[in-house]
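The chain contents come next:
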There are 2 protein chains.
Amino acid sequence: MSEALQAARIALQHDEVPVGAVILSSDHKVLAKTHNRVETLNDPTAHAEILAIRRACEILNTDKLVGCSIYVTLEPCTMCASAISLARIAKLYFGAYDEKSGGVENGARIFTLPQTHHKPEIYGGLMADECSEILRTFFLHRRMN
Amino acid sequence: MSEALQAARIALQHDEVPVGAVILSSDHKVLAKTHNRVETLNDPTAHAEILAIRRACEILNTDKLVGCSIYVTLEPCTMCASAISLARIAKLYFGAYDEKSGGVENGARIFTLPQTHHKPEIYGGLMADECSEILRTFFLHRRMN
């Protein structure tokens with residue numbers, strides 16, 4: 001999670017909502033380390049998780065990340081939680097909970113739906129304080145400008 | 001929708017699940033016409049809608065498709081429905097309903113959730129028979145091989 005936080009800090013430097021993600025292979029190698037780039041890329045789907053999934057799939061030359069783990073600094077939104085399911089990621093670790101836009105423990109609660117074909121193991125709240133703090137800093141700064 | 005179906009037929013030729021999408025600008029110009037390319041691109045997020053959103057945003061140089069419409073041959077899944085919301089698309093037209101993986105009228109019913117910040121106008125069932133038929137042909141063929 002500290003590597004994902006490092007990626008979130010890069011987002012902050014680029015004035016993007018500071019969320020970072022890391023995907024590890026089944027043998028614990030870093031396949032992708034990405035940050036949110038929605039504004040930089042003019043792409044509303046360019047959340048950290050989506051970019052990480054695309055990158056990891058590119059590296060492994062597959063569309064299924066079987067056995068892989070994803071670390072994200074913020075609870076994935078509905079789009080990203082669904083993408084994690086589609087990518088067959090085995091374990092999801094996330095930092096801060098997101099009451100407003102989260103789709104795992106909040107909102108659509110994607111992985112509780114019978115229609116969700118693949119459900120990872122889920123571990124929420126890892127380094128939650130640090131992961132929240134960087135977001136709080138960002139939004140406070142944005143409101144002041 | 002007939003243009004989206006045309007795109008779905010291209011997917012069929014490439015042995016991809018035949019789903020097509022078209023995005024129109026607010027003045028009814030075609031911005032993107034895409035088909036599902038999950039297997040070709042080794043990208044589980046490469047659904048027709050996601051590719052169309054990314055392409056239309058690229059053309060308009062924005063991450064918000066305000067006033068745009070999307071036509072999809074199949075009810076969007078949860079990931080794509082969420083992306084449609086994030087992209088602020090004004091109108092969603094879809095063909096076949098998808099009980100198994102749809103996220104609009106089935107499953108997570110994304111646009112009924114209070115947490116979904118933007119909800120398009122929704123028109124389902126357009127040319128539903130043609131849109132279903134091409135999928136039925138694909139899956140029948142796949143089971144026989």
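Higher on the page you've got the structure.
Residues numbered from 1 in each chain as written. Chains lettered and ligands numbered in written order. Predicted model: local features only at pLDDT ≥ 70, side-chain atom pairs only at ≥ 80, totals over all residues. Heavy atoms only, no water.

(A) Representation of the sheet that holds strand 1 (residues 20-24) of chain B. Residues and elements named next belong to chain B. Overall, mixed pairing links the five strands, which are arranged 2-1-3-4-5 in an open sheet. Each end of this open sheet is capped by a strand with a single partner; those strands are strand 2 (30-35) and strand 5 (121-123). Averaged over all adjacent pairs, the angle separating strand axes in this sheet is 15 degrees, with direction ignored. With respect to the sheet, helix 1 (residues 2-13) is in contact with strand 1, strand 2 and strand 3 (69-74), its orientation differing from that of strand 2 by roughly 35 degrees. The sheet strands contacting helix 5 (residues 128-144) are strand 3 and strand 4 (91-96), and the helix crosses strand 4 at an angle near 60 degrees. (Pairing = 2+ DSSP bridges. Helix = DSSP H or I, 4+ residues; strand = E, 2+ residues; numbered from the N terminus. Axes fitted to C-alpha atoms, helices over the stretch in contact; angles between N-to-C directions. Contact = heavy atoms within 4.5 Å.)

(B) Seen up close, the interface of chain A and chain B. Counting from both sides, the interface comprises 32 residues of chain A and, opposite them, 32 residues of chain B. Taken together, the two surfaces of chain A and chain B that pack against each other cover about 2,400 Å², and 60% of this comes from carbon and sulfur. Of all residues in chain A, Asn 42, Pro 44 and Gln 115 of chain A bury the most surface against chain B, accounting for 26% of the area lost on that side. Linking chain A with chain B are two salt bridges. Note that Arg 54 of chain B and Asp 43 of chain A form a salt bridge whose closest N and O atoms lie 3.3 Å from each other. For the side of chain A that touches chain B, the secondary-structure elements that each account for two or more residues are helix 2 (38-41), helix 3 (48-60) and helix 4 (78-86) of chain A. (Buried area = accessible area lost by both parts, 1.4 Å probe. Salt bridge = Lys/Arg side-chain N within 4 Å of Asp/Glu carboxyl O.)

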